[in-house]
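Below, each chain spelled out in residue letters.
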Amino acid sequence: MRGTEPGGALRGVAIAAVLIALGNIASRVVGFLRDSTIAFYFARGVEVDAFQVAWTVPSTIYDLLIAGAVSAALVPVFSSYAEGDHDEFWRVVSGVFTVALAALTALTALAVWQAPLVVALLTRPEQTELRVLATPLVRLLMPAVLLMGLSGLATAVLHAQQRFLLPAFVMVTFNVGMVAGIVLLHDRFGINSLAFGALLGAVGQVVLQIPGLRGARLRLGSGLDHPALRRILRLYAPVALGIGFSVLGTVIDRWLASGYEAALGTMRYATTLIQFPLGLVASAVALAVLPTLARQSEAQDEASFQTTLAMGLKVVLLLILPATAGLLVLAEPLVALTYERGRFSAADTAATAIALRFYLPGLPAAALDQVLIFAFYARKNTLTPNLIQGAAIGVYLLVALPLIWFTDLGFLGLVLANSAQWIGHAVITWVLLTRSVPLRGLRLGEATLKGLGASGLMAAVVVALALLTASLPLVVQILVAGTGGILSYFVFCLTFRIEAAGFFFQTLRSRVQR
């Protein structure tokens, strides 16, 4: 088989990453609006904690059946059929839709029936009020899972066909639905308005992607005997194991955090800010690089595979290191600008900013980890990264339990443990991946050191600008410091001759010219 041309493949990855990043930017902006709306009406009280507990149930089912399978099994297998016979491609897709919808329906019904038991597993026994609020929320949220599942399957089909635009905006639609539900229904339904908003957003996700599926030949019930379905199930089985580990970790984390007042809400608000660079940088690059890596692996073009993977990691480093530095030095003003209004007070801002800073040590590792995991998936190895998840939970417990038992950190010990888990997972994944995909000679160490240097200098510029504008309105302070930081980082990248910066900007320039 002929290999993929490295230059063209890399440009395709960069263009796809830009499209996904645009969707992620819009999604994160609306996500900020969603969480700031929640903060405005509900602050950090027990109601927000109850929603966090309840949302764990549908999100876990979605992750178990759809989200984990999309990258690990569906896109790689769908991609191998997408350029061939269309009838066979849609037969494979039909079989997957049939199995997935049947499983989603069964688990949704079970969760609605056993909602009190599920909530009891996620909260400490003494948290009676939390359990009373969370149980009806679980039942209200569950119908959204079926719609989210349909949307996730549609995303896999479109990604396999190298069509990234509509799927990039599904989370924008979901977050808009959430905001609409809260604003329109909070007076009548209180915290339950979040569940109605989630249902509205899930409907929007499906409707958004329907135009992209024009000409689809879906026939529920067909394709169940296609060998591709068995191949997908074999690839997915290890993912299910890994997600099982994740579910266990989530249950432990929720159970431990439920013992601290307002911990779950505070962690939610802090992770929203963390998820912005993760979605903008790591997810965009990882999703864009996966189809290309899958094709290069299928063609056994190891040199192109290594080059594509290394450039993906360099682009992540290029963007995630300054984002981490910026969040570190601007944590409190960013939290205040995002949330501090309505019922969300200055004390809430201070607590959330501390939690945000405690998450930051693990942010670069979490970003790189997504690309490393997708490299395993592209090589049809879904077992290794999911076994690593079990080891990462061990890292979490080794850090979390001593911190909450022997220090006064409270739930912040759990935040540090999450950071340690991200770092541990990334380190183990790197060590195991590079045994079969050597990346020596591709200048990743150089990219890391130069990125750290440029980001450190940028942070100093941001601090100086923030101090100079401290007397100005908060939005002006952040705009001036942020803009100055971005411009200075660009200059430092050129000064240090960072390879990924040159490639990234050259690709953008050529795309604009075309």
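Keep in mind that this is a model prediction, so the values were computed, not measured. (Residues numbered from 1 in each chain as written. Predicted model: local features only at pLDDT ≥ 70, side-chain atom pairs only at ≥ 80, totals over all residues. Heavy atoms only, no water.)

**Q** Help me understand the overall build of the protein, please; the structure alone is not making it clear to me.
**A** Helix and strand content of the protein: 20 helices and 0 strands. Here the C-alpha radius of gyration of the protein, 22 Å, is about what a compact globule of 514 residues would show, namely 24 Å. The dimensions of the protein, computed from C-alpha atoms along their principal axes, are 60 × 60 × 45 Å. Residues classed as buried in the protein amount to 54% of the 514 residues present. The contacts in the protein between residues at least 6 apart in sequence include a share of 85% that link residues at least 24 apart. A total accessible area of about 21100 Å² is found for the protein, and carbon and sulfur atoms account for 67% of it. For the protein, the distance from the average site of its 34 positive side-chain charges to the average site of its 25 negative ones is 7 Å. (Helix = DSSP H or I, 4+ residues; strand = E, 2+ residues; numbered from the N terminus. Rg over C-alpha atoms; globule rule 2.2 N^0.38 Å. Buried < 20%, exposed > 50% of the residue type's maximum accessible area, 1.4 Å probe, protein only. Contact = heavy atoms within 4.5 Å. Areas by Shrake-Rupley, 256 points an atom, 1.4 Å probe, with all protein chains shown as cover. Lys, Arg positive; Asp, Glu negative; His and termini not counted. Charge placed at Lys NZ, Arg CZ, Asp CG, Glu CD.)

**Q** Looking at this structure, how should I read the pattern of salt bridges?
**A** In a structure, side chains of opposite charge can pair up when their charged atoms sit close to one another. If you walk through the whole model with that rule in mind, you get 7 salt bridges. R44 is paired through a salt bridge with D348; the nearest N and O atoms lie 2.7 Å apart. In this pair, R44 sits in the loop between helix 1 (6-42) and helix 2 (46-82) while D348 sits in helix 14 (residues 346-359), placing the two residues 304 residues apart along the sequence. R254 is the partner of D253 in a salt bridge, and the nearest nitrogen-oxygen pair spans 3.6 Å. Here R254 falls in the buried class, since its relative accessible area comes to 17%. Three or more residues are tied together by salt bridges with common partners; here these are R34, D35 and R268. (Salt bridge = Lys/Arg side-chain N within 4 Å of Asp/Glu carboxyl O.)

**Q** Which parts of the structure should I look at to understand the side chain of T56?
**A** Its location among the elements puts T56 in helix 2. For T56, a relative accessible area of 6% gives the class buried. Separated by 2.8 Å, the side chain of T56 and the backbone oxygen of Q52 make a polar contact. Those residues in contact with T56 that sit more than four places away from it in its chain are L122, T250 and R254. (Polar contact = N/O pair within 3.5 Å; in protein donor to acceptor, adjacent residues only side chain to side chain.)

**Q** Help me out: how do you make sense of the nonpolar core in this one?
**A** Most often, soluble globular proteins keep nonpolar side chains buried together rather than apart. L74, F78 and L309 are the most contacted members of the largest nonpolar core, which totals 146 residues. Tallying contributions element by element places helix 2 first for this core, with 20 residues. (Core = buried A, V, L, I, M, F, W, Y, C linked by side-chain atoms within 4.5 Å.)

**Q** What am I meant to see in the environment of L387 here?
**A** Counting through the fold element by element, L387 comes out in helix 16 (residues 383-406). Judged by relative accessible area, which is 42%, L387 ranks as partly exposed. On a C-alpha basis, the gap between L387 and V239 in space is 8.8 Å, while along the polypeptide they are 148 residues apart.

**Q** Would you mind showing me how to read the packing of helix 3 (residues 86-113) against helix 10 (residues 227-257) here?
**A** Two numbers describe a pair of packed helices, the interaxial angle and the distance between the axes. As a packed pair, helix 3 and helix 10 sit with axes 9 Å apart at the nearest point and diverge in direction by 50°. Classified by the interaxial angle, the pair formed by helix 3 and helix 10 is oblique. Considering the relative orientation of helix 3 and helix 10, their crossing is right-handed. Residues V92, G95, V96 and V99 of helix 3 touch helix 10, and the partners they reach there are A228, L229 and I232. A breakdown of the residues in the contact of helix 3 with helix 10 according to their chemical character gives 6 nonpolar, 1 polar and no charged. (Axes fitted to C-alpha atoms, helices over the stretch in contact; angles between N-to-C directions. Parallel < 35°, antiparallel > 145°, perpendicular 65-115°, else oblique. Left-handed = near helix turned anticlockwise from the far one by under 90°. Nonpolar A, V, L, I, M, F, W, Y, C, P; charged D, E, K, R; others polar.)

**Q** When you look at helix 13 (residues 331-339) in this model, what are you seeing that I'm missing?
**A** Along an α-helix, residues three or four apart share an orientation, since each turn contains 3.6 residues. The buried fraction of helix 13 amounts to 7 of the 9 residues, a majority that puts the element mostly inside the structure. Of all the positions in helix 13, only A331, P333, L334, V335, A336, T338 and Y339 are classed as buried.

**Q** Would you mind showing me how to read the packing of aromatic side chains here?
**A** Aromatic ring pairs: the centre-centre distance and the angle between the two ring planes describe each pair. Overall, the coordinates contain 14 aromatic pairs when judged by the stated rule. Aromatic pair Y339 and F344: ring centres 5.5 Å apart, planes at 40°, arrangement tilted. In terms of burial, Y339 and F344 fall into one category: buried. Relative to W422, the ring of Y359 lies with its centre 5.9 Å away and its plane at 20°, an arrangement referred to as stacked. (Phe/Tyr/Trp six-rings, centres within 6.5 Å; stacked < 30°, edge-to-face > 60°.)

**Q** What's the story with helix 4 (residues 115-122) in this structure? I'm lost.
**A** All of the buried residues along helix 4 are A115, V119 and L122. Down the axis of helix 4, the smallest arc covering the buried residues is 60°, so these residues share one side. (Arc of directions from axis to C-beta.)

**Q** I keep staring at unusual backbone geometry and nothing clicks. Help me out?
**A** Of all residues except glycine, most have a negative phi; of all peptide bonds, most are trans. At A43, a position not held by glycine, the phi torsion is positive, near 50°. Within the fold, A43 resides in the loop between helix 1 and helix 2. Given a relative accessible area of 7%, A43 falls into the buried group. The phi dihedral of A262 is positive, around 65°, even though this residue is not glycine.

**Q** Would you mind showing me how to read a nonpolar patch on the surface here?
**A** Side chains of L337, L472, V475, V476, L479 and V480 sit close together on the surface and give an oily, nonpolar patch of about 430 Å² of accessible area. Here the nonpolar patch gets 4 residues from one element, more than from any other, and that element is helix 19 (residues 474-496). With respect to the helices and strands, L337 occurs in helix 13. (Patch = residues over 30% accessible without salt bridge, like charges linked within 9 Å, V, L, I, M, F, W, Y side chains within 5 Å.)

**Q** What is the right way to look at the environment of E446 in this model?
**A** Among the secondary structure elements, E446 is positioned in helix 18 (residues 444-468). In terms of polar contacts, E446 uses its side chain to reach the side chain of K450, at 2.9 Å.

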